[in-house]
Every structure is written in C-alpha cells, then in structure tokens.
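Chain and residue survey
In case you want the letters, here they are:
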Amino acid sequence: MYTKQDIMALVDTEDVRFIRLQFADINGIVKNIAITVSQLEDALNNKIVFDGTAIEGFKAGEEDMYLVPDLDTFTIFPWRPHQGKVARFICDVRTCDGKFFECDSRRILKNVVEEAKNQGYEFTIGPECEFFLFNTDDEGNPTMVPNDNGGYFDVAPVDNGENCRREIVLTMEEMGYEALASHHEKAGGQHEVDFRYSNPVVSADWLVTFKMLVKTVAKRNGLYATFMPKPISGVDGSGLHLNMRLKKDGKDVFTSELNSTTKSFIAGIIHYLPEFCCLTNATVNSYKRLVSGYDAPTHLAWSSENKNLLLRVPKTAEPVVELCSPDSTANPYLAIAACLSAGLEGIKNNMTPPDSIDVPLDSLSKNEIEKLNIKQMPISLFNAIENAKKSEFMKNLLGSKLFEAYISAKEYEYNEYRKNISQWELDEYLIKY
C-alpha cells in the first residue's frame, strides 16, 4: 500500500529517471504517456493530460482526459537501463471534470468487484496464459516457424524455449509478481505460464503487463512471441484459462462436491456466455481456435471430469471453477468482469446448469448432443457480436457509451475481415471455379 511519499522515496533511491503512465484501450492494448521524474509530482496529483480522441474506444469521451496512477502498480522494468531506470504506473482515466471515464475498462472491472464486495463476496483469479515463440528472420521480423517441435512438458533440448521461458518467469518475480508454474504446451513452440491467485483487478493488470513482458524477453532472445489464438492451422491454439475462486464472509463458496451455489455460478456463466463471448474471444481468429479436435471448448457444457469442456470444477484442495474458452486477445478487465458478473447473476437467480458431461464430447453423436440439450458456442465473431447487440446483460455491464464503442469496433473489425481474401479461398476456389 504505497503512499505518495513512498513513491518519491523509491524513485530517488532506485535512480528512476523515466516513468510510464500506462492505461488500456477498449481492446486491452497497453497505451502510455512517458514522463521524466521532474513531472512525477504532477502525475501523483492526477494532473497529466492526454487526448482521449486518439484512443480506440475513447472517442465517445471528451478530448482532454486525466490519468490517475494506481500507486500499488508502481514497478521498475528490469529490462531497461540499471542507471536512470524506467518505472511504470497503471492508471485509471478521468474526464476533465474529475469523473471516472465511462469507457475505462479497468473501472468497469472495479465496479463489478465492488458490487460483489457489497454482497459479501470476494473473488480471486488464477489465469493460465498460453503463447507461441517463433523464430525471426535476419531483420528481426517474425517467421511462421516455431522455435521447437516440443510437446506437453518436454525439456531441453527438445524444448528449445526453456531458457526464454525461465527468463520470463524470473522477470515477473523481479517485478513483484509470482508465477505458480510454467511449461511447454502441446504444440511446437507453444508455452504456458500459470499465475498465482490474486484479486481480479491485480490479475487483469498483470495480464496486460505479462504480454508486454513476454514480447520484450522473447525479442531479447532473438524470438517473437505471439498471443494470437490460432496462428498455425492443424495444431492446438493458445487460450487464457481463468481459474476462479469465490469466498463469502471469508469462507469458500465453491466446493468439489458441487453445492447449489457452485452450480448456480456455473449456470450463470453458461447462460450469459453467448452474450459476452465477444469479450472473452475478441477477434476473428479467436473462433478458429474454438473448433473440435484441438482441446478447446465448442459447446456450452461443463464437467468435473472432462477438461476439454467450457467449464470444469477440478477436484483440487481449494475448489475452483475453471473457464476454458477465453484467449489473450480479450481485454482482461472486461473479460473477467463479464465472468464474475455472470456468475453472480447465476447465484442471485438460483440458476440451474445443464447436466454435467463426463465423457468426451467428441464421442457423442449430434443427436445425443441435442438430446442432452447442449447448445453450441458462437462459431464466429459475427455470431458473437449479434448476440451481444441484443444483450441487456452486456449493456448493463459496460454502460451505454462503452457498449456502443465496443460493438462498433468489433463490427468494423469483422467487416474488414470480410473484405480480404484468404490463402485457403485461393487454394480451394481459384482452379476449381
């Protein structure tokens, strides 16, 4: 719990000369304004201004906006110079009249956490983040060649990214955040880092920081890191599993015996996920990961046994609900806010989920799936957008300005995709027709 005096003292003793004031646009992409130490006092007094009309999704707001540093997010970048160091704050955004900006996604998540707190609930989130490491060409540009041909839990020399992954984890620790575990994933060049459990805002802050950190460390190792969900056809894509824990009045709400509250939380997510899927799976490419045969969910189903479904409640010492559909193109503030809000709605309304599916979904016929009343997830960004446009849940979660800005941005993205011709279309149709 830093004070302004703590920050001033740290900057002085650590020889910090440059400070980045970071915030996220509606897509969860990190933006920043860089200041020197001479401007630190103004920054700590919320006097740093930027042009909001230049930021994706902020155009609905006023031109002049102010950055409000969260003092507890102060950290020094280990990869920058050790003399004249570079530090950062993550900031909230305010309008010129001092009000919190309606399109600030970090504020949306804070609102959901506060609402849960008022009901006696406390959430913690443990993300599992997957990414690919690709070789680069002579000019440092990414190729589509993974840096190894390893598989699950392989070690060097098969796992050629081991040193890079270790440096990523150690850099996280230098910045004050702990990784629970890391390992090689199923596809060649694919890796996973599991985060320790933290409150939702801290977890989202670290997810946006993590992507920047991984790309920086990869570049230092002559590699290119991508969190694109499905960069290579024919292999598993990269997801962002969200492990959620819930307490009420200090006691665990979720239980491995699947009490009614756990089931209602699951039911809420299953019910609302089609409406907020464009938040958790935010790009055209996201839906190329969500296909059968590649260890990714395709239907609105859950289990305590089957790890390839949308939701599962693994039998762990501290029970969690794990959501397996999101990927790292999501704005983590909005994705986590949607998950928690949907789960709370499920509890509030005593929702009942469909029956648990404890056999591989691929082993069931289409008729069997229909008899079990298992609905399919959205199969494209277009489907997800159309669902969201009709959703009162999304409008209430995001507020009118952010809702309109987000839908408009995603519609533009999908329409740009429609205008382009893929290599698959050329291979399939150019000669045939």
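Just above sits the structure.
Model, not experiment: these values are computed from the prediction.

1. Thoughts on the overall build of the chain
Helix and strand content of the chain: 13 helices and 15 strands. Sequence-distant contacts, at least 24 apart, represent 69% of the contacts inside the chain between residues at least 6 apart. Total accessible area computed for the chain in this model is approximately 20000 Å², and 48% of it derives from carbon and sulfur atoms. Side-chain charges in the chain split into 46 positive and 63 negative, and the spacing between the mean points of these groups amounts to 3 Å.

2. A closer look at helix H3 (residues 105-118)
Under the 1.5 Å per step criterion, the end-to-end length of H3 is 20 Å for 14 residues, consistent within 8% with the ideal 20 Å. Taken as a whole, H3 has its buried residues at Ser-105, Arg-106, Arg-107, Ile-108, Leu-109, Val-112 and Ala-116. Of the residues trailing H3, Gly-120 is marked for its positive phi of about 90 degrees.

3. A look at unusual backbone geometry
Peptide bonds are, in most cases, trans, and in most cases residues other than glycine have a negative phi. A cis amide bond links Ala-156 to the next residue, Pro-157, at an omega of 5 degrees. The residue Pro-157 is located in the loop between strand E7 (142-146) and helix H4 (162-174) in this model. Phi at Asn-46 is positive, roughly 60 degrees, even though this residue is not glycine. Residue position: Asn-46 is located in the loop between helix H2 (40-44) and strand E3 (49-51). The class of Asn-46 is partly exposed, set by a relative accessible area of 25%. Positive phi outside glycine occurs at Asn-373, with the angle close to 60 degrees. Mapped onto the elements of the fold, Asn-373 is located in the loop between helix H9 (366-371) and helix H10 (381-389). Accessibility expressed as a relative area gives 49% for Asn-373, which makes it partly exposed.

4. Section: the layout of surface pockets
In this structure, the largest pocket encloses a volume near 670 Å³. The wall of the largest pocket is formed by 33 residues, among which Asp-70, Arg-106, Asn-199, Val-201 and Val-202 lie closest to the centre. Looking at the lining of the largest pocket, the elements with two or more residues in it are strand E4 (64-76), strand E5 (85-95), H3, strand E6 (121-136) and helix H5 (200-220). Sorting elements by how many residues they give to the lining of the largest pocket places H3 first, with eight residues.

5. Section: the pairing of E5
Counting buried positions along E5 yields 10 of 11 residues, so the element is predominantly enclosed. One ladder, built from six bridges, connects strand E1 (residues 16-24) with E5; its direction is parallel. Across the sheet, Phe-18 pairs through a bridge with Val-86, a residue of E5. Sheet topology note: the E4/E5 ladder contains eight bridges and is antiparallel. Each bridged residue has a counterpart across the sheet, and for Ile-76 the counterpart in E5 is Ala-87.

6. Some details on empty space enclosed by the protein
Using the criterion set out here, one finds two cavities of 30 Å³ or more in the structure. Taken as a whole, the largest cavity spans an internal volume of roughly 50 Å³. Lining the largest cavity are Cys-129, Leu-207, Lys-211, Leu-240, Ser-328, Ala-330 and Pro-332. Grouping the constituent residues of the lining of the largest cavity by class yields five nonpolar, one polar and one charged.

7. Quick notes on the nonpolar core
Judged by nonpolar contacts, the single largest core of 119 residues is most densely connected at Phe-89, Phe-210 and Phe-276. If one sorts the elements of this core by residue count, helix H6 (residues 260-280) sits on top with 11 residues. Non-local contacts of Phe-210, meaning those with residues more than four positions away in its chain, are made with Cys-129, Phe-131, Ile-168, Met-172, Val-193, Phe-195 and Phe-227. Counting residues in each nonpolar core, the second largest holds seven residues, with Leu-309, Leu-364, Ile-369 and Ile-374 among its members.

8. So, the environment of Leu-71
Looking at where Leu-71 falls in the secondary structure, it is placed in strand E4. What makes Leu-71 buried here is its relative accessible area of 18%. A sequence separation of 64 residues divides Leu-71 from Ile-7, and the C-alpha atoms of the two residues are 7.6 Å apart. Those residues in contact with Leu-71 that sit more than four places away from it in its chain are Tyr-2, Thr-3, Lys-4, Ile-7, Leu-44 and Phe-89.

9. Quick word on the side chain of Thr-298
For Thr-298, the position within the fold is in the loop between helix H7 (286-289) and strand E13 (302-303). Residue Thr-298 is classed as buried on the basis of its relative accessible area, which comes to 14%. The contacts of Thr-298, once residues within four sequence positions are left out, are Leu-290, Val-291, Ser-292, Leu-361, Gln-376 and Met-377.

What counts as what
- Residues numbered from 1 in each chain as written.
- Predicted model: local features only at pLDDT ≥ 70, side-chain atom pairs only at ≥ 80, totals over all residues.
- Heavy atoms only, no water.
- Helix = DSSP H or I, 4+ residues; strand = E, 2+ residues; numbered from the N terminus.
- Contact = heavy atoms within 4.5 Å.
- Areas by Shrake-Rupley, 256 points an atom, 1.4 Å probe, with all protein chains shown as cover.
- Lys, Arg positive; Asp, Glu negative; His and termini not counted.
- Charge placed at Lys NZ, Arg CZ, Asp CG, Glu CD.
- Expected span 1.5 Å × (residues − 1).
- Buried < 20%, exposed > 50% of the residue type's maximum accessible area, 1.4 Å probe, protein only.
- 1 Å grid on protein atoms, 1.4 Å probe; cavity = no way out; pocket = protein on both sides within 12 Å on 5 of 7 lines; lining within 4 Å.
- Points joined across faces, edges and corners; volume = space filled by probe spheres on them.
- Pairing = 2+ DSSP bridges.
- Nonpolar A, V, L, I, M, F, W, Y, C, P; charged D, E, K, R; others polar.
- Core = buried A, V, L, I, M, F, W, Y, C linked by side-chain atoms within 4.5 Å.

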